[in-house]
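# Observations on the three-dimensional arrangement
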Amino acid sequence: MQSSKAIHGVILLSLLAIASVIVAYYWQIDDLDGIRVLPRYLMVLFLGYVLIQMLKRWLYRDRHWWDWLYYLGLAAAMLPTFMASQESARMFHLVTDYGTLFLIFPVLSDFYTLLKRKE
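### Observations concerning the packing of aromatic side chains
Under the criterion given, the structure shown has 8 aromatic pairs. Seen from their ring centres, Trp68 and Tyr71 are 5.3 Å apart, and the 20° between their planes marks the pair as stacked. Look at Tyr70 and Tyr71: their rings are 4.5 Å apart centre to centre, the planes differ by 25°, and that puts the pair in the stacked class. An aromatic cluster is built from Tyr49, Trp68, Tyr70 and Tyr71, whose rings are joined through pairwise contacts. Against the face of Trp68 rests Arg57, its NZ or CZ located 3.8 Å from the ring centre.

### So, the nonpolar core
In terms of nonpolar packing, the biggest core is built from 29 residues, with Tyr26, Phe46, Tyr49 and Leu103 touching the most fellow members. Among the elements of the structure, helix H1 (2-28), helix H2 (32-36), helix H3 (40-59), helix H4 (70-83), helix H5 (89-99) and helix H6 (105-116) are those that each provide at least two residues to this core. For this core, the leading source of residues is H1, giving 9 residues. Ignoring anything within four residues of it in the chain, the contact list for Leu103 reads Ala19, Ile22, Phe46, Tyr49, Tyr70, Gly73 and Leu74.

### A look at the side chain of His93
Following the sequence through the fold, His93 ends up in helix H5. Among the polar contacts made by the side chain of His93, one reaches the main-chain carbonyl oxygen of Asp31 at a distance of 3.5 Å. Other than its neighbours up to four places away in sequence, His93 contacts Ile29, Asp30, Asp31, Leu32 and Ile35.

Calculation notes
- Numbering of residues starts from 1 in each chain and follows the order in which that chain's sequence is written.
- Whole-chain, interface and lining totals are the exception, using all residues; otherwise, since this is a predicted model, local features are given only for residues with pLDDT of at least 70 and side-chain atom pairs are given and counted only at 80 or more.
- Excluding hydrogens and water, the side-chain values take into account all heavy atoms of the structure.
- Side-chain rings of Phe, Tyr and Trp (the six-membered ring for Trp) are treated as a pair once their centres are within 6.5 Å; stacked means planes under 30 degrees apart, edge-to-face means over 60, and tilted covers the remaining angles.
- Counted as over-ring charges are cases with an Arg CZ or a Lys NZ within 6 Å of the ring centre that also lie within 35 degrees of the ring normal.
- We define the nonpolar core as a collection of buried residues of types Ala, Val, Leu, Ile, Met, Phe, Trp, Tyr and Cys that are connected through side-chain atoms lying within 4.5 Å of one another.
- Note on exposure labels: buried denotes an accessible area under 20% of the residue type's maximum, exposed denotes more than 50%, and partly exposed covers the range between, all computed with a 1.4 Å probe on protein chains only.
- Helix and strand assignments come from DSSP, with helices taken as H or I runs of at least 4 residues and strands as E runs of at least 2, each series counted from the N terminus.
- Any two residues whose heavy atoms approach within 4.5 Å at even a single point are treated as in contact.
- The definition of a polar contact used here is a pair of N or O atoms within 3.5 Å, where within protein one atom must be able to donate a hydrogen and the other to accept one, and adjacent residues in sequence count solely through side-chain atom pairs.

Encoded structure:
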């Protein structure tokens, strides 16, 4: 079971790394085009994040209340691509800056439960 714990840790570390890059992108962007037209590498990171989340759910059957919070982070990142305008740019910058933090919160919670688990 120790290898399972190590694999779980590697999965969580990869999720944390991807989420950190995504959050850093949104915190650095100041213009409207930065949140409306996403770079290709960022879209690939989002895809990787979702695929790793799906792998984690397939490998580990335990479910927690925070497991679905990353959908808020995905929504916060994707809504401005469809809805942001020059008039609402400031609001959507706040939405993306703070909403993408929901990509990190579930991973940190899983790390905490992984470290507290006795095996």
